[in-house]
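Descriptive analysis of the structure
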Amino acid sequence: MLSRRLFQKAVAAGTMPFLLPIVPDPGRKERMTIQQLISSRVQAALAAAGAPDAPAVVQPSGKPEFGDFQANGVMGAAKALKTNPRALAQTVVDKLDLAGIAEKIEIAGPGFINIHLAPEFLAQRLQAALADDALGIRKPAAQKVMVEYSSPNLAKEMHVGHLRSTIIGDAIARVLAFIGHDVTRCNHVGDWGTQFGMLVAYLVETRQSGDAELELADLENFYRKSKIRFDEDPLFADTARQYVVKLQGGDPDVLALWAQFVDVSMHHCQAVYDKLGVGLDRTAVRGESAYNADLPVVVSDLRAAGLLVEDQGAQVVFLPEFKNPEGEPQAMIIQKKDGGYLYATTDLAAIRYRHRQLGLTRVVYVVDARQSLHFQQLFTLSRKAGFAPADMQLEHVAFGTMMGEDGKPFKTRSGDTVKLVELLDEAIERAYALVSEKNSGLPEDTRRGIAKAVGIGAVKYADLSKNRTSDYIFNWDTMLSFEGNTAPYLQYAYTRVQSVFRKAGEFDRCAAIMIAEPAEKQLALLLAQFDEVIESVAATCQPHQLCGYLFNLAQQFSRFYEACPILAAEGDVRVSRLQLAALTARTLKAGLSLLGIDVLDEM
RNA sequence: GUGCCCGUAGCUCAACUGGAUAGAGCAACGGCCUUCUAAGCCGUAGGUUACAGGUUCGAUUCCUGUCGGGUGCGCCA
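Now for a quick tour of the structure.

Turning our attention to the pattern of salt bridges. Once the charged atoms of two side chains with opposite charge are near each other, the side chains can pair. This structure, assessed with the given rule, holds 24 salt bridges. Note that R31 is salt-bridged to D531, the shortest N-O span being 3.0 Å. Taken together, the residues R31 in the loop between α1 (4-12) and α2 (34-48) and D531 in helix α20 (residues 530-540) connect sequence positions 500 residues apart. Between E429 and R448 there is a salt bridge, with its nearest N and O atoms 3.4 Å apart. Of this pair, E429 sits in helix α15 (residues 420-438) while R448 sits in helix α16 (residues 444-464); the two residues are 19 residues apart in sequence, bridging distant segments of the chain. Since its relative accessible area comes to 43%, E429 is described here as partly exposed. Three or more residues joined by partner-sharing salt bridges are found here, namely R31, R125 and D531.

Have a look at this one:
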């Protein structure tokens, strides 16, 4: 059972509890990140100094004058041992073996240990990354992971409310796959339930009048009209309800109509996914309807486990872990009094399936923060019912609402929801106008291509670069700016490197890296930390860490670019700087690609 | 009413989950292009981290309370 403290931390991180630590396969020799390497050495030194249980607390230094990494664990250890922290720090440093790694180790302040890396060590790390297609990214023991994301309701067209899940989920899936996990993408679309009875009933009507094809072309309108019919005509509403029953009972005629509607709606979604460039297609779709046959089984399983009771005609489970407004155990409705099922039932069936049929060990739900309580209840009940074993990680990766510039949920001027496809088209158009303004000499085709990468990249990056747990303010001008922490700035930094290579000619791709200038050292240090960032993003599902890193990297490259001439340098220095530039380009490209953002050779 | 989230520079956001003097970017002001894309770089200014207590060698981070904002809380998803 999780302690309250861990629970709070998990909530603060936007991940739900029930996480278990990722235990690396001990039989597998793994490459450690620099931070892990130093941490293990400091740990050993602490143990040798008489504090085997004290955490080393190694992290990148806050400022360059504090070295490259700092170990902060001594103060806490000294407290526990009731000794002088400076004296203990000296003992730890005396026993600290960083031969070949650090060139200088200092004690500062109350007992900080500041570690300056040896340039040769850094160079060697970068050399290894250059020689590796995956840039030296460590491969932990692969897990079977599912990322559930996007999951629109097929009754309507995709709108901006689906953007964050789609973008964030895609980035998380890419990162997890990159470090070697077996990742399944799942689009848990809403394709079942009461609304579909109404839609099928309306489809029948429009078919009779002969303009079904035309009506279906605008799903939003189709939904609106059928809703009006449902609300205004009791006969129609009755028919709609009958269709729901027939649908869930497997009536072939109604199922065929339903399938036609779902097919049209999925085509709309696919157009958005293709435009957005996220890895979703029909193979990722496993909607709510897929669990229809399992729903009665879930009910009987819960009943067999003694968890289910009848209350006011409905089948419910009471969870003492959660309190309702009256302070009594919170009820979770599994089956309505009319026999119908709810989304909790479907989600339970999905977890059951994912454990029993798919054997997943981690499931990441990229869903709006407002469903937080639902997931807490869902996960709790899944454990109790035996649908998910204790070592299966279930995480709600929550995110906030997308706001307009007025701080209210993003809408059109008239107050309607914004269709996603229209938002993306506008992004591309705006980017096209910008590119044409900045670089009118390029052929139109080229500008169109740049506009797509820049426009879509800007929308994605604006979202991904903010901590997902809070609401974020959508602003065209900020995201499409070529200055600051934006996708265009990063894409531009990449084109600058590419431009250097176009002029560099052939050079030795195995040449040695030599780190002499401060700007080279700072760039090298950042490049050597790529693996740490990726691991952290994979563990916390917080892509904004990667964005922050890439922005730092692009900025540091620009400083290096100003301070250290590349092409004008000679001999070993020239090749060394080309190597640094090459690794920077590959790291930027790989990092942006993990965010789902394309790079360009010129812009 | 109660659960959860949030409150950091004028604005948009960080702060590696308890570490050193709270950092970036916009916007403002001042420098740097006969030299690899100036869509860039360097610098200046901007803060009682909502408020009040507490724990700690150390708190934006943990605890308690207050104020403000968001969101959820039995037959929708």
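Once you've had a look at it, read on.
A word on the protein's contact with RNA strand B. Around RNA strand B, a shell composed of 65 residues is seen, among which K79, Y492, S499, R559 and Y561 lie nearest. When the atoms of RNA strand B within 4 Å of the protein are sorted by group, sugar and phosphate make up 59%. Q312 is positioned with one of its backbone polar atoms (N or O) 3.0 Å from a base nitrogen of RNA strand B. A distance of 2.9 Å separates a phosphate oxygen of RNA strand B from a polar side-chain atom of Y489. The element best represented in the surface near RNA strand B is helix α18 (residues 487-504), accounting for eight residues.

If you check helix α11 (residues 252-276), its first and last C-alpha atoms are 35 Å apart, about what 25 residues at 1.5 Å a residue would give, namely 36 Å. Taken as a whole, α11 has its buried residues at V254, L257, W258, F261, V262, S265, M266, C269, Q270, V272, Y273 and L276. At the N-terminal end of α11, a side-chain oxygen is found 2.9 Å from the backbone nitrogen of D253, two or three residues along, and the residue is D251. Once α11 ends, the next one or two residues include G277, with phi positive near 70°.

Attention now goes to the packing of aromatic side chains. Under the counting rule described, the total for this entry stands at 15 aromatic pairs. Look at F501 and F507: their rings are 6.0 Å apart centre to centre, the planes differ by 15°, and that puts the pair in the stacked class. When its relative accessible area of 17% is taken as the criterion, F501 is described as buried. With relative accessibility at 12%, the residue F507 sits in the buried group. Here the aromatic residues F196, Y202, F222 and F261 are joined through ring pairs into a cluster of three or more. Over the aromatic face of Y291 sits the side chain of R286, whose NZ or CZ is 4.8 Å from the ring centroid. Positioned above the aromatic ring of Y353 is the side chain of R286, whose terminal nitrogen or guanidinium carbon lies 3.9 Å from the ring centre.

Attention now goes to the pairing of strand β9 (residues 329-335). As judged from the six bridges shared by strand β8 (residues 314-323) and β9, these two strands associate in the antiparallel manner. Bridge pairing links V316 to I333 in β9.

Before going further, it helps to examine the pairing of strand β11 (residues 393-399). Across the seven residues that make up β11, a large majority, seven, are buried. Taking every second residue as pointing to the same face, both faces of β11 are buried, with Q393, E395, V397 and F399 on one and L394, H396 and A398 on the other. Note that strand β10 (residues 362-368) and β11 share seven bridges and pair parallel. Pairing of V367 across the sheet is with A398, part of β11.

How each quantity is defined
Residues numbered from 1 in each chain as written. Chains lettered and ligands numbered in written order. Predicted model: local features only at pLDDT ≥ 70, side-chain atom pairs only at ≥ 80, totals over all residues. Heavy atoms only, no water. Salt bridge = Lys/Arg side-chain N within 4 Å of Asp/Glu carboxyl O. Helix = DSSP H or I, 4+ residues; strand = E, 2+ residues; numbered from the N terminus. Buried < 20%, exposed > 50% of the residue type's maximum accessible area, 1.4 Å probe, protein only. Near = heavy atom within 4 Å. Polar contact = N/O pair within 3.5 Å; in protein donor to acceptor, adjacent residues only side chain to side chain. Expected span 1.5 Å × (residues − 1). Phe/Tyr/Trp six-rings, centres within 6.5 Å; stacked < 30°, edge-to-face > 60°. Lys NZ or Arg CZ within 6 Å of the ring centre and 35° of its normal. Pairing = 2+ DSSP bridges.

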